[in-house]
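Residue strings, one per chain:
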Amino acid sequence: MEANFAALAEAAPRIWEGLGITLLLTLGGALLAIVIAVVLGLGARLNNVFLRGICRVFIEFFRGTSLVVQLFFFFFVLPQLGVDLPAMVCGILGLGLNYGAYCAEVVRGSINSVPTGQWEATTALSLSKAQRMRRIIFPQAWALMIPSLTNYLIHMLKGTAIVSFITLADLTFHTEQLRQDTNTFFAYGVSLVIYFVLAYILTLMMKGLEVQAKHKLGRGESLRDTLSLKAPDTAVAAEGGKG
Amino acid sequence: MPTITDPDTVPAPRPAASVPAIKFENVEKRFGDNVVLKDLNFEVARGDRVTLIGPSGSGKTTILRLVMTLEELSGGYIYIDGEPLTHEERDGKRVELGEKAQKQIRKRIGMVFQQFNLFPNMSVLENIIEAPVHVLGQSKEQATARAMELLESVGLPDKADAHPLELSGGQQQRVAIARALAMDPEILLLDEVTSALDPEIVGEVLGILRHIADTTDITMLIVTHEMQFARDVSNRVMMFDGGKVVEEATPEVMFTNPQHERTQSFLQAVLGNGEDQIGTR
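Residues numbered from 1 in each chain as written. Chains lettered and ligands numbered in written order. Predicted model: local features only at pLDDT ≥ 70, side-chain atom pairs only at ≥ 80, totals over all residues. Heavy atoms only, no water.

A. Local environment of the overall build of chain A. Secondary structure summary: chain A contains ten helices and zero strands in total. If you list the helices and strands of chain A from N to C, you get α-α-α-α-α-α-α-α-α-α. Counting only C-alpha atoms, chain A reaches 70 × 60 × 20 Å along its principal axes. Per-residue burial over chain A gives 42% buried out of 243 residues. Looking at chain A as shown, the accessible area adds up to about 12900 Å², and 68% of this sits on carbon and sulfur atoms. Looking at charge distribution, chain A has the averaged site of its 19 positive side-chain charges lying 15 Å from that of its 15 negative ones. (Helix = DSSP H or I, 4+ residues; strand = E, 2+ residues; numbered from the N terminus. Buried < 20%, exposed > 50% of the residue type's maximum accessible area, 1.4 Å probe, protein only. Areas by Shrake-Rupley, 256 points an atom, 1.4 Å probe, with all protein chains shown as cover. Lys, Arg positive; Asp, Glu negative; His and termini not counted. Charge placed at Lys NZ, Arg CZ, Asp CG, Glu CD.)

Take a look at the structure:
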């Protein structure tokens, strides 16, 4: 066992580098995904049949094709067509498009879930369509979409593990290397722990966003109150403690 | 209490008194195969306070929603100050107006809803100044000053920074009234504004509306179950049934001596014992 840890200590700098790649892919992919999700999610609600159609095709195509195949396509096929993208760009593009398509449905669904009365009030006040979406509907939909977006973010973090197929030396790649100096149980055990810790940190961060968004809508305590170490207040306890 | 009309804003040139504030011309509204309104014609004069009564499903709320452009007109025309609201006749054809043109007319109309519909992502004050700032182009200071006046007049000057959901139903509805008035509407639509409120706070909301009716010349179209309020505020009552106007009269006549049998039975059902005068509240 000691030998294992010695090997781990020796591999630590490389694993650290791999962690950087994994995080870069996750954050880059997530940023691209949220932009795509908002654009396609809004586009899929347009009255214009042509534009709406384009958005729908886009969503269905990237939802309906395998992420691995998309990555292979960007990395191996595009160069044959004269488009040579760095592996990292291919990774972020593949993750962003794939998860962006999924999240577009989350965005669309959350927008549609904002109560009809809110939409009607904006008409009664003569707000333009853009003002309605930007100032009234989207801020309310945002609170609704965060839990689902968190799910997809965690998915994406774990999905990054397949980028070693396109030569990126990410966390999984380096723990795989570690296996050669230790054993299967140890190396994959280390990998599990690191992914779990990363996922949990992301979950906590997203939970913070959710608390903040809900507080802005007048539901639940502020993020500062949630983070303070005071005893949980009675309102939270009454909700079954799911603050 | 301050008056409702803002002295700072230049009043829009108002059309001659003879032009009706609202005119329905052969209006038809269908939901699928269900015809809610058919061949509906009526006019509301400037400054009129018209209450629509009738059983549920008679189309009275649909009328308000058509004026607010919350529902699409299936046929016919609605005119506001003589100008088409959503559709106009061009070369004998019925043509829908562009969004810009519709918005110009819509700006003159305000609505208060049964469920208040305040924006939960904004404070009370932000709710009120949102449209004046972003639609009418008022400065934030100007809109805020006016909003504080309005909050004063609905009795909630200390709630400006409160969150809408911290308020009681009655308070939320008063904010909603202030929000509608902040746009200086020529026409105010009141859609069962007290139906979602506890009986003991209905009075506070109706009191404010009475005050508005007394101190302004806003044209009002009211759907309510509060017959005493209808009697106090309106100068005309229209009884609807099956999407048609069954009877139309002053509140005095309508509530004491209705002519049509359908009105008699409806009022009897709503007011309970027919020999009682309305106004047990």
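B. Representation of the sheet that holds strand 4 (residues 75-80) of chain B. All names here are of chain B. Pairing is antiparallel across the open sheet formed by four strands, whose spatial order is 2-1-4-5. Every interior strand has two partners, whereas the edge strands, strand 2 (34-44) and strand 5 (83-84), have only one. Note: strand 1 (residues 22-31) against strand 2, seven bridges, orientation antiparallel. Bridged to Phe-31 within strand 2 is Asn-34. On the sheet, helix 1 (residues 60-67) packs against strand 1, strand 2 and strand 4 and is oriented at approximately 115° with respect to strand 1. (Pairing = 2+ DSSP bridges. Contact = heavy atoms within 4.5 Å. Axes fitted to C-alpha atoms, helices over the stretch in contact; angles between N-to-C directions.)

C. Expanded view of the packing of helix 3 (residues 124-134) of chain B against helix 5 (residues 169-181) of chain B. Residue and element names in this part refer to chain B. Remark: helix 3 packs on helix 5, axes separated minimally by 8 Å, with the N-to-C direction vectors making an angle of 25°. The pairing of helix 3 with helix 5 is recorded here as roughly parallel in orientation. Once helix 3 is placed against helix 5, the crossing between them reads as right-handed. Note on element contacts: helix 5 touches helix 3 through Val-175, Ala-178 and Arg-179, opposite Val-124, Asn-127 and Ile-128. (Parallel < 35°, antiparallel > 145°, perpendicular 65-115°, else oblique. Left-handed = near helix turned anticlockwise from the far one by under 90°.)

D. Quick peek at the environment of Gln138(B). Residue and element names in this part refer to chain B. Position of Gln-138 relative to the elements: it lies in the loop between helix 3 and helix 4 (140-153). With relative accessibility at 10%, the residue Gln-138 sits in the buried group. C-alpha separation for the pair Gln-138 and Ala-21, spaced 117 residues apart in sequence, amounts to 25 Å.

E. Highlighting the state of the cysteines. Taken as a whole and assessed by the stated rule, the structure comprises zero disulfides over all chains. Unpaired in this structure, Cys55(A) has its nearest cysteine sulfur neighbour in Cys103(A), at a distance of 15 Å. (Disulfide = S-S within 2.5 Å.)

F. Looking closely at the interface of chain A and chain B. At the interface, 20 residues of chain A touch 25 residues of chain B. Of the roughly 1900 Å² buried between chain A and chain B, counting both surfaces, carbon and sulfur atoms make up 60%. Its largest share of buried area at the contact with chain B, chain A owes to Leu125(A), Ser126(A) and Arg135(A), together 30% of the area lost on that side. Between chain A and chain B we count two salt bridges in total. Among the salt bridges present, the one from Arg65(B) reaches Glu120(A), with a minimum N-O distance of 2.6 Å. The tally of links from chain A across to chain B stands at ten residue pairs in polar contact (both at pLDDT 80 or more). Going through the elements one at a time, helix 5 (116-124) and helix 6 (129-159) of chain A are the ones with two or more residues in the side of chain A that touches chain B. Ranked by residue count, the leading element in the side of chain A that touches chain B is helix 5 of chain A, at seven residues. (Buried area = accessible area lost by both parts, 1.4 Å probe. Salt bridge = Lys/Arg side-chain N within 4 Å of Asp/Glu carboxyl O. Polar contact = N/O pair within 3.5 Å; in protein donor to acceptor, adjacent residues only side chain to side chain.)

G. Representation of the sheet that holds strand 9 (residues 187-191) of chain B in the model. Residue and element names in this part refer to chain B. If you trace the six strands from one edge of the open sheet to the other, you get 8-9-10-3-11-12, paired in mixed fashion. Every other strand in the sheet has two partners, leaving strand 8 (109-112) and strand 12 (244-249) as the edge strands with one partner each. Averaged over all pairs of adjacent strands, the angle between strand axes in this sheet comes to 20°, irrespective of strand direction. As paired elements, strand 8 and strand 9 share four bridges and run parallel to each other. Each bridged residue has a counterpart across the sheet, and for Met-111 the counterpart in strand 9 is Leu-189.

H. Layout of the packing of aromatic side chains. For the coordinates displayed, the defined rule picks out eleven aromatic pairs over all chains. For the pair Tyr99(A) and Tyr102(A), a centre-to-centre distance of 6.3 Å together with 40° between the ring planes defines the contact as tilted. Taken together, the residues span about one helical turn, with Tyr99(A) and Tyr102(A) both in helix 4 (residues 87-113) at a distance of three residues. Accessibility expressed as a relative area gives 29% for Tyr102(A), which makes it partly exposed. Ring geometry for Tyr77(B) against Tyr79(B): centres 6.2 Å apart, planes inclined by 25°, an arrangement best described as stacked. Pair check on accessibility: Tyr77(B) and Tyr79(B) agree, each one buried. Here the aromatic cluster, defined as three or more aromatic residues joined through ring pairs, consists of Phe72(A), Phe75(A), Phe76(A) and Phe165(A). The lysine or arginine in question, Lys29(B), covers the ring of Phe31(B), its NZ or CZ lying 4.6 Å from the ring centre. Positioned above the aromatic ring of Tyr77(B) is the side chain of Arg94(B), whose terminal nitrogen or guanidinium carbon lies 5.9 Å from the ring centre. (Phe/Tyr/Trp six-rings, centres within 6.5 Å; stacked < 30°, edge-to-face > 60°. Lys NZ or Arg CZ within 6 Å of the ring centre and 35° of its normal.)

I. Local environment of the nonpolar core. Core analysis: the biggest nonpolar cluster contains 76 residues, and Phe24(B) and Leu221(B) have the highest contact counts within it. In terms of residue count, the dominant contributor to this core is helix 6 of chain A (eleven residues). Formed by 40 residues, the second largest nonpolar core is a distinct cluster that contains Val124(B), Ala162(B), Leu181(B) and Leu209(B). (Core = buried A, V, L, I, M, F, W, Y, C linked by side-chain atoms within 4.5 Å.)

J. View of the pattern of salt bridges. With the rule as written, the count across this model stands at 26 salt bridges over all chains. We note a salt bridge from Arg56(A) to Glu60(A), for which the minimum N-O separation is 2.8 Å. Placement of both Arg56(A) and Glu60(A) in helix 2 (residues 49-64) is noted, with a separation of four residues, approximately one turn of the helix. With a relative accessible area of 38%, Glu60(A) lands in the partly exposed category. Residue Glu149(B) pairs with Arg146(B) through a salt bridge whose shortest N-O separation is 3.8 Å. With a gap of three residues between them, Glu149(B) and Arg146(B) both fall in helix 4, about one helical turn apart. Residue Arg146(B) is classed as buried on the basis of its relative accessible area, which comes to 4%.

Shape is all these values report; function is a separate question.
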